[in-house]
Amino acid sequence: MAYSALEVAKYVINHEHNNGREISNLRLQKLLYFVQAKVLVETGNPCFDDEMEAWDFGPVVPCVYHAYKIFGSWDLSFSGIIPTIVEEISKKIDSIIDYCQSFPTRQLVEITHNQDPWKNVYKKGQKNRISNDSIRNYFLSRGKK
């Protein structure tokens, strides 16, 4: 069962704040990409159903971007009910977010720019879809090297 990207985003924001970390919309987008990759590789299914697109600063989930764009580059806040995510998935989300916490947002952007799922579909001025298959295949191939 996949969640909506907004549910996962709320979970990620809450997790970051509970760990004393700020999170911008740009950072959230990169974390959602890595969350999707981890869950795709480890379960064979997406974490969320919403599509990702290749934007100038890397992968973006448009519905999440638009929900939080009012914050600009500031720390995101979210008030409301924290979505319940099954433990098997929440542990995967937590582990990849915690792993990424040591990377500055700028470095996460650079990392995504050097990965095939974004690199192979990005065209300046366009918002081309990044498929879950391309994400899964890329990360599966990286794990075998």
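Reading the values: rules and limits
- Residues numbered from 1 in each chain as written.
- Predicted model: local features only at pLDDT ≥ 70, side-chain atom pairs only at ≥ 80, totals over all residues.
- Heavy atoms only, no water.
- Axes fitted to C-alpha atoms, helices over the stretch in contact; angles between N-to-C directions.
- Helix = DSSP H or I, 4+ residues; strand = E, 2+ residues; numbered from the N terminus.
- Parallel < 35°, antiparallel > 145°, perpendicular 65-115°, else oblique.
- Left-handed = near helix turned anticlockwise from the far one by under 90°.
- Contact = heavy atoms within 4.5 Å.
- Nonpolar A, V, L, I, M, F, W, Y, C, P; charged D, E, K, R; others polar.
- Buried < 20%, exposed > 50% of the residue type's maximum accessible area, 1.4 Å probe, protein only.
- Polar contact = N/O pair within 3.5 Å; in protein donor to acceptor, adjacent residues only side chain to side chain.
- Salt bridge = Lys/Arg side-chain N within 4 Å of Asp/Glu carboxyl O.
- 1 Å grid on protein atoms, 1.4 Å probe; cavity = no way out; pocket = protein on both sides within 12 Å on 5 of 7 lines; lining within 4 Å.
- Points joined across faces, edges and corners; volume = space filled by probe spheres on them.

S.K.: Let's hear about the packing of helix α1 (residues 5-18) against helix α4 (residues 87-100): which residues, and what values?
M.R.: One can describe the packing of α1 onto α4 by two numbers: an axis separation of 11 Å at closest approach and a directional angle of 55°. The orientation of α1 with respect to α4, classified from their angle, is oblique. As for the relative orientation of α1 and α4, their crossing is right-handed in sense. Along its contact with α1, which presents V8, Y11, V12, H15 and E16, the element α4 presents S90, I93, D94, I97 and D98. Residues that form the contact of α1 with α4 fall into these classes: five nonpolar, two polar and three charged.

S.K.: Give a description of the side chain of S90 that names residues and reports values.
M.R.: Within the element layout of this structure, S90 appears in helix α4. Judged by relative accessible area, S90 falls into the buried class, the value being 10%. At 3.2 Å, the side chain of S90 forms a polar contact with the backbone oxygen of E87. Not counting the four nearest positions on each side in its chain, S90 is found in contact with Y11 and I85.

S.K.: Residue-level account of the pattern of salt bridges, with values.
M.R.: In total, this model carries eight salt bridges according to the counting rule given. Salt-bridge contacts for D98 lead to R21; the nearest nitrogen and oxygen are separated by 2.7 Å. Remark: R21 occurs in the loop between α1 and α2 (25-43) and D98 occurs in helix α4; sequence separation between them is 77 residues. When its relative accessible area of 33% is taken as the criterion, D98 is described as partly exposed.

S.K.: Account for the layout of surface pockets, with residues named and values stated.
M.R.: The probe, sized like a water molecule, is rolled over the atoms to show the empty space still left. Space inside the largest pocket adds up to approximately 250 Å³. Along its surface, the largest pocket is lined by 14 residues, and L26, W55, F57, V60 and Y65 are the ones closest to its centre. Tallying contributions element by element places α2 first for the lining of the largest pocket, with four residues. Of the residues contributing to the lining of the largest pocket, the split by class is five nonpolar, five polar and four charged.

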